[in-house]
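# A structural walkthrough
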Amino acid sequence: MHEVNLNGFDLNLLPPLEALLRRRNVTLAAADTGMSQPAMSRALGRLRTIFDDPLLLRGAKGLVLTPKALEVSITLRPALEQLKLVFHAPDFDPKTAQRTIRFASSDLHNTLIFPTLLRNLSDQAPGLDISCEPYGPDLISRMAGGDIDFAFALETSPLPTGAQSLYLAQDELALVMRRNHPLATHDWTLSDYGEVPHILIRLLNDGVNDLDALLAVQGIKRRTLWSTPHFLAALAAVSATDAVTTLSRAFATRFADQFDLILHRPPIDNPSLGIVLVMAKARDHDPLMAWVADQVKRAAIEVYAVSGRR
């Protein structure tokens, strides 16, 4: 992209640009911005000239962003939010807020945190709608582009550029198996991990697992009977097989009686899990988002305090 002189740049093109990059559809982008479809097509033509890039290309399932467009989308929406604050910083009242808040979360967070969070929000911010979406390899770009507002992560997870985290609560790993498992009363060591089948949780489908890395250092390789992004399914599978799984103690404790499971401390030095909420730094300047993040923390503190007493 060649250098743009802002004195001659038509700032009215920014809303159409944001809508086009978010919707990836000229008709829907036009509807979002109150423009006619021909006017949006003309705006796209002007933007292509300014950026010296097609921005949107035909793909197998519709229009797709070019690399340049993806790069622009990462910075555009936060920049527009900051620009709005220059002209108007509205008074914030959660009771009158009307917005959909989107989280990247697993069934673990949906089960443990969201019932309490939704109860609190229904009283304090009845106009908020909450959407929970699965993790995926495009999570970082979805958050940067504003399609995801928050994501749950571990304290040890590296933060992407432009993101920040809020510490929520402390959990820990538990080695989980059915109550009558052949090794239920066994004093487990790391080498035992190579002797039994395992159910793995994979949220990003990237094959990355910290425990496997630790086992590899010891020359231990475990057999994966099944991998799934669903924590509850992992517990159900463990209850019906001789496989074991290593996951959140708070979550496993919640369902231990239902699935007739027992929990052991895994044979690793530090089984603790710090739970954090990740969001774009630009969200810190949005009073609603800051308030929602605080409500998530309050709910997590309440839930994990109860889990820790079980």
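The structure this text deals with has already been given above.
Residues numbered from 1 in each chain as written. Predicted model: local features only at pLDDT ≥ 70, side-chain atom pairs only at ≥ 80, totals over all residues. Heavy atoms only, no water.

## A closer look at the overall build of the protein chain
Looking only at helices and strands, the protein chain has eleven helices and eleven strands in total. Summarising its shape, the C-alpha atoms of the protein chain cover approximately 75 × 45 × 30 Å along the three principal directions. Every one of the 310 residues in the protein chain was classed for burial, and the buried ones make up 45%. Roughly 16400 Å² of accessible area belongs to the protein chain as shown, and the carbon and sulfur atoms make up 53% of that amount. (Helix = DSSP H or I, 4+ residues; strand = E, 2+ residues; numbered from the N terminus. Buried < 20%, exposed > 50% of the residue type's maximum accessible area, 1.4 Å probe, protein only. Areas by Shrake-Rupley, 256 points an atom, 1.4 Å probe, with all protein chains shown as cover.)

## Digging into the packing of helix α1 (residues 14–23) against helix α2 (residues 26–33)
One can describe the packing of α1 onto α2 by two numbers: an axis separation of 8 Å at closest approach and a directional angle of 135°. Relative to α2, the element α1 lies oblique. By crossing handedness, the relation of α1 to α2 is classed as right-handed. Where α1 abuts α2, its residues Pro 15, Pro 16, Ala 19, Leu 20, Arg 22 and Arg 23 lie against Val 26, Leu 28, Ala 29, Asp 32 and Thr 33. (Axes fitted to C-alpha atoms, helices over the stretch in contact; angles between N-to-C directions. Parallel < 35°, antiparallel > 145°, perpendicular 65-115°, else oblique. Left-handed = near helix turned anticlockwise from the far one by under 90°. Contact = heavy atoms within 4.5 Å.)

## Digging into the environment of Thr 66
Looking at the element boundaries, Thr 66 is found in the loop between β2 (62–65) and α4 (67–87). Along the chain, Thr 66 and Met 143 lie 77 residues apart, while their C-alpha atoms are 18 Å from each other. Sequence-distant contacts of Thr 66, that is, excluding residues within four places in its chain, are made with Asp 53, Pro 54, Leu 55, Leu 56 and Leu 57. Here the side chain of Thr 66 touches Asp 53 through a polar contact of 2.7 Å, side chain to side chain. (Polar contact = N/O pair within 3.5 Å; in protein donor to acceptor, adjacent residues only side chain to side chain.)

## Points about the packing of aromatic side chains
Within the structure shown, the criterion is met by eight aromatic pairs. Between Phe 103 and Phe 150 the ring centres are 5.2 Å apart and the planes differ by 25°, which places this aromatic pair in the stacked class. Within this pair, whereas Phe 103 is found in strand β3 (residues 99–104), its partner Phe 150 is found in strand β5 (residues 150–154), the two being separated by 47 residues in sequence. Given a relative accessible area of 0%, Phe 150 falls into the buried group. Plain terms: the ring middles of Phe 103 and Phe 152 are 6.0 Å apart, the flat faces sit at 20° to each other, and that makes the pair stacked. One end of the pair, Phe 103, is in strand β3; the other, Phe 152, is in strand β5, and 49 residues separate them in sequence. The exposure class assigned to Phe 103 is buried, which follows from its relative accessible area of 0%. Three or more aromatic residues link up through ring pairs in this structure, and these residues are Phe 103, Phe 114, Phe 150 and Phe 152. (Phe/Tyr/Trp six-rings, centres within 6.5 Å; stacked < 30°, edge-to-face > 60°.)

## Some points on unusual backbone geometry
One non-glycine residue, Arg 24, lies in the positive phi region at around 55°. Tracing the backbone shows Arg 24 in the loop between α1 and α2. Residues other than glycine seldom take positive phi values, yet Asp 52 does so here, at roughly 50°. As for its placement among the helices and strands, Asp 52 is situated in the loop between α3 (37–51) and β1 (56–59).

## Focus on the layout of surface pockets
Approximately 1500 Å³ is the volume found for the largest pocket. Forming the boundary of the largest pocket are 50 residues, of which Leu 154, Thr 156, Ser 157, Leu 203 and Asp 210 lie nearest the centre. Residue assignment for the lining of the largest pocket shows that the elements contributing at least two residues are α5 (107–112), α7 (139–144), β5, β6 (163–178), β7 (197–201), α8 (210–217), β9 (245–248) and β11 (272–280). In terms of residue count, the dominant contributor to the lining of the largest pocket is β11 (five residues). The class makeup of the residues in the lining of the largest pocket is 31 nonpolar, 13 polar and six charged. (1 Å grid on protein atoms, 1.4 Å probe; cavity = no way out; pocket = protein on both sides within 12 Å on 5 of 7 lines; lining within 4 Å. Points joined across faces, edges and corners; volume = space filled by probe spheres on them. Nonpolar A, V, L, I, M, F, W, Y, C, P; charged D, E, K, R; others polar.)

## Section: helix α9 (residues 231–240)
Turning to α9, its buried residues number three or more, namely Phe 231, Ala 234, Leu 235, Ala 237 and Val 238. Taken down its axis, α9 places every buried residue within 165° of arc, on the same side. (Arc of directions from axis to C-beta.)

## Thoughts on the side chain of Asp 149
Looking at where Asp 149 falls in the secondary structure, it is placed in the loop between α7 and β5. A residue is classified by how much of its surface remains accessible, and Asp 149, at 5% relative accessible area, is buried. Residues contacting Asp 149, with those up to four places away along its chain left out, are Thr 100, Ile 101, Arg 102, Met 143, Val 278, Met 279, Arg 283 and Met 289.

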